[in-house]
Amino acid sequence: QSVERIAAPQRNDELADLTNLFNDMLDRMQRYIEQQEEFVEDVSHELRTPVAIIEGHMQMLNRWGKDDPEILSESISASLQEITRMKSLVQEMLDLSRAEQVDIHYPNAMTDAKEVANQVFGNFKLIHPEFTFTLDDDLKAPTVIKIYRDHFEQILIILMDNAVKYSQKRQEVHLSISRDERNVEIAVQDFGEGIAPENIDRVFNRFYRVDKARSRDKGGNGLGLSIAQHLVESYHGGIRVESVLGSGAIFRVSFPIVKTLEPGESLLDLEN
Ligand code: ADP
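Residues numbered from 1 in each chain as written. Predicted model: local features only at pLDDT ≥ 70, side-chain atom pairs only at ≥ 80, totals over all residues. Heavy atoms only, no water.

- By the naming in an unreviewed UniProt entry, the chain is Signal transduction histidine-protein kinase ArlS, taken from Loigolactobacillus jiayinensis.
- UniProt, in the comment section headed Subcellular location (unreviewed entry), describes the chain in these words: "Membrane".
- Taken from UniProt, the Catalytic activity (unreviewed entry) comment for the chain reads in full: "ATP + protein L-histidine = ADP + protein N-phospho-L-histidine." (UniProt positions renumbered as here; feature names shortened; annotations may be inferred.)

This is the structure in structure tokens:
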């Protein structure tokens with residue numbers, strides 16, 4: 001459905017301004033409605049595949065499950081896998097819808113970027129012993145940014161996860177933490193398959209995957225980078241990517257620095 005605009009009056013300037021303002025609002029509303037419609041379409045499309053797979057397995061079970069133990073166990077485990085996927089899809093969709101304007105809910109949240117980035121780095125080393133992780137931490141002291149800790153962690157995990165997922169040949173990931181006068185920057189670099197120039201602008205779009213089947217194999221829903229981008233932007237940060245196809249990708253996120261902590265100073269002093 002579409003929202004009808006109002007015809008501008010001929011003479012009265014003030015009234016014309018008001019009408020324009022109102023029409024702008026209607027345009028925005030129209031765009032919002034269209035985005036919602038698109039979202040519902042995307043979601044139903046994404047849910048169709050796992051539902052169809054589960055349906056297929058249920059039909060097999062119904063016909064042959066009682067007599068064939070192999071079909072029984074295969075169909076059950078394949079269905080469970082699809083159910084896990086649907087659960088993660090639902091969780092990620094929730095994360096995405098909550099990722100806009102989160103700063104309103106956590107107006108006083110502060111995070112030490114240095115500490116959290118080091119912690120995420122350590123966790124990835126533990127979880128993926130087959131990978132080589134290297135770290136370049138240029139920050140001399142705890143560096144505070146204005147973001148809820150779990151959200152900052154979530155952004156870094158999405159980027160590190162992707163670096164691991166999309167670099168199976170050369171299993172190396174480099175994390176660097178640096179700053180200039182105003183901003184702290186975290187860069188996650190991998191040396192994997194990279195992203196072609198024609199696809200690079202689309203990786204932040206929801207449900208976009210360069211290779212749908214491969215991402216699906218790795219449990220990807222195409223929502224990670226949209227969630228990361230929404231979170232970063234709602235905390236007034238920036239996120240960008242550079243890549244050379246076949247040589248890897250580097251994702252950079254940056255946030256304005258609130259302050260550097262002096263010895264003895266704590267985050268809690270800032271939050272209150
Ligand atoms: P997912 O990883 O769940 O598919 P994302 O939104 O996190 O979804 O990423 C979208 C797509 O961008 C991925 O499917 C992949 O094609 C591409 N991509 C993301 N990170 C990288 C990376 N580090 N190297 C190469 N391609 C990447």
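### Notes on the overall build of the chain
Next, step 1: Within the chain one finds eight helices and seven strands.
Next, step 2: By its C-alpha atoms, the chain is 80 × 60 × 40 Å across when sized along the principal axes.
Next, step 3: Per element, the accessible surface of the chain, about 16500 Å² overall, is 52% carbon and sulfur.
Next, step 4: When the 30 basic and 47 acidic side-chain charges of the chain are each reduced to a single mean position, those positions are 2 Å apart. (Helix = DSSP H or I, 4+ residues; strand = E, 2+ residues; numbered from the N terminus. Areas by Shrake-Rupley, 256 points an atom, 1.4 Å probe, with all protein chains shown as cover. Lys, Arg positive; Asp, Glu negative; His and termini not counted. Charge placed at Lys NZ, Arg CZ, Asp CG, Glu CD.)

### Some details on a nonpolar patch on the surface
Next, step 1: Where nonpolar side chains cluster on the molecular surface, the patch consists of Leu72, Ile76, Leu80 and Ile83 and spans about 330 Å² of accessible area.
Next, step 2: Relative to the assigned elements, Leu72 resides in helix α2 (residues 69–98). (Patch = residues over 30% accessible without salt bridge, like charges linked within 9 Å, V, L, I, M, F, W, Y side chains within 5 Å. Salt bridge = Lys/Arg side-chain N within 4 Å of Asp/Glu carboxyl O.)

### Some details on helix α3 (residues 113–127)
Next, step 1: In this model, α3 (15 residues) spans 21 Å end to end at C-alpha, consistent with the 21 Å of a helix rising 1.5 Å per residue.
Next, step 2: Taken as a whole, α3 has its buried residues at Ala113, Lys114, Val116, Ala117, Val120, Phe121 and Phe124.
Next, step 3: On its buried face, α3 sits against β1 (111–112), β2 (132–137), β3 (143–145), α4 (149–165), β4 (172–179) and β5 (183–190).
Next, step 4: A distance of 3.0 Å separates the backbone nitrogen of Lys114 from a side-chain oxygen at the start of α3, and that oxygen is part of Asp112. (Expected span 1.5 Å × (residues − 1). Buried < 20%, exposed > 50% of the residue type's maximum accessible area, 1.4 Å probe, protein only. Contact = heavy atoms within 4.5 Å. Polar contact = N/O pair within 3.5 Å; in protein donor to acceptor, adjacent residues only side chain to side chain.)

### Some remarks on the site of the ligand
Next, step 1: For the ligand, the set of nearby residues contains 18 residues, the closest of which are Asn162, Lys165, Tyr166, Asp190 and Ser215.
Next, step 2: With respect to the ligand, the side chain of Asn162 contributes an N or O atom lying 2.9 Å from an oxygen atom.
Next, step 3: Separating an oxygen atom of the ligand from a backbone N or O atom of Gly222 is a distance of 3.0 Å.
Next, step 4: For the ligand, whose accessible area on its own is 530 Å², the fraction buried by protein is 97%. (Near = heavy atom within 4 Å.)

### Some words on the nonpolar core
Next, step 1: Counting residues in each nonpolar core, the largest one holds 52 residues, and the members touching the most others are Phe152 and Phe255.
Next, step 2: By residue number, the principal contributor to this core is α4, which donates eight residues.
Next, step 3: Beyond its immediate stretch of four places on either side in the chain, Phe255 contacts Ile145, Ile147, Phe152, Ile155, Arg182, Asn183, Val184, Val232, Tyr235 and Gly237. (Core = buried A, V, L, I, M, F, W, Y, C linked by side-chain atoms within 4.5 Å.)

### Describing the packing of α3 against α4
Next, step 1: At a minimum axis distance of 10 Å, the contact between α3 and α4 shows a crossing angle of 40°. In terms of orientation, α3 and α4 fall into the oblique class. Crossing of α3 over α4 shows right-handed handedness. Along the contact surface, α3 presents Ala113, Glu115, Val116, Ala117, Gln119, Val120 and Phe124, while α4 presents Arg149, Phe152, Glu153, Leu156, Ile157, Met160, Asp161 and Val164.
Next, step 2: Its residues assigned to classes, the contact of α3 with α4 shows 10 nonpolar, one polar and four charged. (Axes fitted to C-alpha atoms, helices over the stretch in contact; angles between N-to-C directions. Parallel < 35°, antiparallel > 145°, perpendicular 65-115°, else oblique. Left-handed = near helix turned anticlockwise from the far one by under 90°. Nonpolar A, V, L, I, M, F, W, Y, C, P; charged D, E, K, R; others polar.)

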